[in-house]
Amino acid sequence: MCGIVGYIGPRDASEVLLHGLGRLEYRGYDSAGVAIDDGQHLQLRRSVGKLANLAAQLREYPVNGRCGIGHTRWATHGGVTEENAHPHRDASGEIVVIQNGIVENYLELKERLIAHGHQFVSQTDTEVIARLLGEYYDETGSLEQAMRRTLAELRGGNAVVAMTRREPGRIVAARLGHAGGIVVGLGDDEMFVASDVPAILDYTRRVVFLDDREIAVLDAGGATISRLDGTPVTRDPMSIPWDPVSAAKGDYKHFMQKEIFEQPRALTDVLRGRIDLDHGAVLLDELTFRHQELRQLERIYAIGCGTAWHAALVAKFAIEALARLRVEVDYGSEFRYRDPLIGERAAVLAITQSGETVDTLAAMEEARRQHAKSIAIVNAVGSQAARLADGGAIYLHAGPEIGVASTKAFTTMLVASYMLALRLGAVRGVLSADEVRRYIQALIELPGKVERILERQSIYEELAERYHGARDALYLGRQVNYPIALEGALKLKEISYIHAEGYPAGEMKHGPIALIDRDLPVVCIAIRDSVYEKMISNIEQVRARGGHVIAIAAEGDALMASKADYVIEVPPTLPLLTPVLTSIPMQLIAYHMAVHRGCDVDQPRNLAKSVTVE
């Protein structure tokens with residue numbers, strides 16, 4: 001969740017740090033701070049609230065230097081105060097540290113340090129790291145060695161960056177577990193470190209990602225990487241293709257709005273290079289499974305959190321229908337705690353936008369522990385999930401998604417899942433080349449159909465005008481579209497703060513029907529498929545109790561127009577692929593409702609883009 005930025009080089013460090021932290025605002029935070037070596041002292045500037053407050057403080061009390069670290073914090077231990085904001089100092093004041101993660105044994109460590117005479121000035125677990133660094137620096141005379149010994153004391157997942165006045169022009173960064181990423185950026189006579197690529201993309205595209213239990217020592221000339229046990233690591237830099245301009249809102253009011261409208265391009269990009277219409281084949285060269293292994297699979301465990309869990313539900317429908325392979329769907333946060341019986345003829349499918357979601361990573365580790373391979377469907381290039389996926393990583397290529405509420409990452413997750421299902425179906429002999437070709441053609445047509453949906457905006461303004469004062473909403477869908485009902489409800493909750501529930505429509509009579517009255521809007525996904533008549537029956541039951549029906553329906557559906565208060569039309573496609581299209585109105589309903597209610601669309605309260613701690 002927290003944002004980390006560090007810089008060494010000829011530029012003004014405060015400018016680079018502020019700019020990088022600004023690129024990470026989407027991650028969610030409640031305070032910010034920087035530490036800069038001005039040539040004589042380590043100068044700290046910290047503030048609560050938005051980054052603009054820190055910028056104002058730096059204008060009033062400027063600090064000049066060529067080496068520094070910066071941080072945006074999301075409170076875990078300790079309240080939202082300037083004293084708890086990062087960076088934190090050791091007892092001497094000569095070492096500063098920033099951290100992303102949770103020190104699970106910090107109380108035990110803090111008590112020990114207090115017994116050694118330390119007086120803490122914050123309530124954070126990160127100050128424990130600073131104090132340990134100071135103690136071990138006194139013993140070793142090396143920040144790198146002090147970091148190694150400090151991390152050996154910690155339980156939990158941590159991304160830690162530190163610097164000291166005693167070693168000018170040097171930054172030490174380390175990663176322990178899966179609580180947060182560390183990316184090292186390579187420039188010309190300058191070096192960068194960050195928790196995520198967008199922070200440094202304006203300065204360099206050549207990066208190296210740290211893996212679990214790795215440490216990097218940076219100076220202006222480069223970086224050396226090693227394992228925490230001292231084993232040297234040699235890793236070629238990756239070239240990140242993202243254009244920093246794509247992370248700017250441009251003419252859009254919000255990043256979420258921009259990302260909704262980027263979906264036709266994103267859907268095209270996730271297909272690019274992976275489909276062969278001529279031969280009726282899906283080319284997922286990323287997969288490391290041999291054909292025989294794919295044929296022998298007996299079960300897949302699809303894992304996700306939040307929106308990614310809804311994508312996993314859709315993946316279940318696709319894989320079971322197209323590959324006739326059993327799929328179980330689990331929340332990442334529950335999977336490892338139920339002691340799952342995975343088995344060697346099973347695989348874990350991890351779906352994650354960031355590739356750094358701690359619960360999803362833990363599920364992948366559990367698969368490895370039980371000698372099962374995992375596949376990642378992931379957006380962030382070089383992320384931990386991509387590196388853990390010994391069965392291969394299917395990148396979404398959606399580009400940076402800044403809005404906290406996922407949009408283009410979600411729909412590209414669905415398309416990636418369909419391609420995986422088609423690949424499995426072909427290898428396992430379930431689908432012929434002609435059948436695969438039929439689905440490929442439908443996938444190719446999806447971006448254009450999404451564009452058609454996006455052209456019709458007036459109805460969402462009308463809906464927001466009428467229903468923005470609603471306290472509750474109900475979302476209903478059946479079969480492959482019931483996960484989209486769940487996703488629609490989640491979107492409305494997380495950005496407009498209207499309570500909403502999503503249900504399989506057949507469950508309406510088993511409780512939710514009691515909620516229906518003349519004040520309740522009910523969003524019904526009722527496209528022409530095998531359960532269309534059953535959805536009509538559900539809609540009649542809603543109408544009979546005075547509920548307001550907002551129908552997501554097929555183009556030209558006159559019957560639906562006669563039964564619903566509002567109809568949002570989607571173009572036809574193969575029934576199994578309809579979630580890509582029906583999810584677009586769900587995003588737009590939530591977006592316009594939130595805007596009409598004056599909510600912070602891109603940074604909803606209490607939420608962050610990626611959850612890297614439990």
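Everything quoted here is computed from the prediction, not taken from an experiment.

Definitions and cut-offs
Residues numbered from 1 in each chain as written. Predicted model: local features only at pLDDT ≥ 70, side-chain atom pairs only at ≥ 80, totals over all residues. Heavy atoms only, no water. Helix = DSSP H or I, 4+ residues; strand = E, 2+ residues; numbered from the N terminus. Buried < 20%, exposed > 50% of the residue type's maximum accessible area, 1.4 Å probe, protein only. Contact = heavy atoms within 4.5 Å. Areas by Shrake-Rupley, 256 points an atom, 1.4 Å probe, with all protein chains shown as cover. Lys, Arg positive; Asp, Glu negative; His and termini not counted. Charge placed at Lys NZ, Arg CZ, Asp CG, Glu CD. Core = buried A, V, L, I, M, F, W, Y, C linked by side-chain atoms within 4.5 Å. Pairing = 2+ DSSP bridges. Axes fitted to C-alpha atoms, helices over the stretch in contact; angles between N-to-C directions. Salt bridge = Lys/Arg side-chain N within 4 Å of Asp/Glu carboxyl O. Parallel < 35°, antiparallel > 145°, perpendicular 65-115°, else oblique. Left-handed = near helix turned anticlockwise from the far one by under 90°.

Caption draft 1: Geometry of the overall build of the protein chain. Helix and strand counts for the protein chain come out as 19 helices and 27 strands. Dimensions along the principal axes, computed over C-alpha positions, put the protein chain at roughly 75 × 55 × 45 Å. Counting all 614 residues of the protein chain, 62% fall into the buried class. Restricting the contact set of the protein chain to residue pairs at least 6 apart, pairs at least 24 apart contribute 72%. For the protein chain, the accessible surface area stands at approximately 23,000 Å², while carbon and sulfur atoms represent 47% of it. Computing the positive centroid from 67 side-chain charges and the negative centroid from 81, the protein chain places the two 3 Å apart.

Caption draft 2: Highlighting the nonpolar core. With 95 residues, the main nonpolar core has Ile 319, Leu 349 and Tyr 475 as its most contacted residues. Per-element accounting of this core gives the leading share, 13 residues, to helix H13 (residues 408-427). Non-local contacts of Ile 319, meaning those with residues more than four positions away in its chain, are made with Ile 300, Arg 324, Leu 325, Val 327, Leu 349, Leu 420, Ala 421 and Leu 424.

Caption draft 3: Examining the sheet that holds strand E22 (residues 393-395) more closely. Across the sheet, 5 strands lie side by side as E19-E18-E20-E21-E22; this open sheet has parallel pairing. The open sheet has two free edges, formed respectively by strand E19 (326-331) and E22, since each of these has just one partner strand. Put simply, the sheet's adjacent strands are angled 20° from each other on average, direction ignored. Taken together, the 6 bridges between strand E18 (residues 299-304) and E19 define a ladder with parallel strand orientation. Paired with Ile 303 across the bridge in E19 is Asp 330.

Caption draft 4: Geometry of unusual backbone geometry. Of the consecutive residues His 86 and Pro 87, the connecting peptide bond is found in the cis state with omega at 0°. Positive phi, close to 50°, is recorded for Arg 324, a residue that is not glycine. Position of Arg 324 among the secondary structure elements: in the loop between helix H9 (307-323) and E19. Residue class for Arg 324 comes out exposed when judged on its relative accessible area of 60%. At His 371, a residue that is not glycine, the phi angle is positive and equals roughly 65°. Within the secondary structure layout, His 371 lies in the loop between helix H11 (358-369) and strand E21 (373-378). Looking at His 371, the relative accessible area reads 62%, which means it is exposed.

Caption draft 5: The arrangement of the pattern of salt bridges in detail. In this structure the tally under the stated criterion is 35 salt bridges. Note that Arg 149 is salt-bridged to Glu 139, the shortest N-O span being 3.0 Å. You can see Arg 149 sitting in helix H5 (residues 143-151) and its partner Glu 139 sitting in helix H4 (residues 126-140), a full 10 residues away along the chain. Classification of Glu 139 as exposed rests on a relative accessible area of 53%. The closest approach of N and O atoms between Arg 452 and Glu 555, which form a salt bridge, is 2.6 Å. One end of the pair, Arg 452, is in helix H14 (residues 433-454); the other, Glu 555, is in the loop between strand E26 (548-554) and helix H18 (558-563), and 103 residues separate them in sequence.

Caption draft 6: Region of interest: the environment of Arg 605. Locating Arg 605 in the fold gives a position in the segment after helix H19 (578-596). Accessibility expressed as a relative area gives 53% for Arg 605, which makes it exposed. Arg 605 sits 111 residues away from Glu 494 along the chain, and the two C-alpha atoms are 8.3 Å apart.

Caption draft 7: Structural context of the packing of helix H15 (residues 458-467) against H19. Viewed as axis vectors pointing N to C, H15 and H19 meet at an angle of 50°, and their least axial separation amounts to 9 Å. By the angle between their directions, the pair H15 and H19 is classed as oblique. The way H15 lies across H19 gives a crossing that is right-handed. Contact with H15, carried on its side by Tyr 460, Glu 461, Leu 463, Ala 464, Glu 465 and Tyr 467, involves Pro 585, Leu 588, Ile 589, His 592, Met 593 and His 596 of H19 and no other residues of that element.

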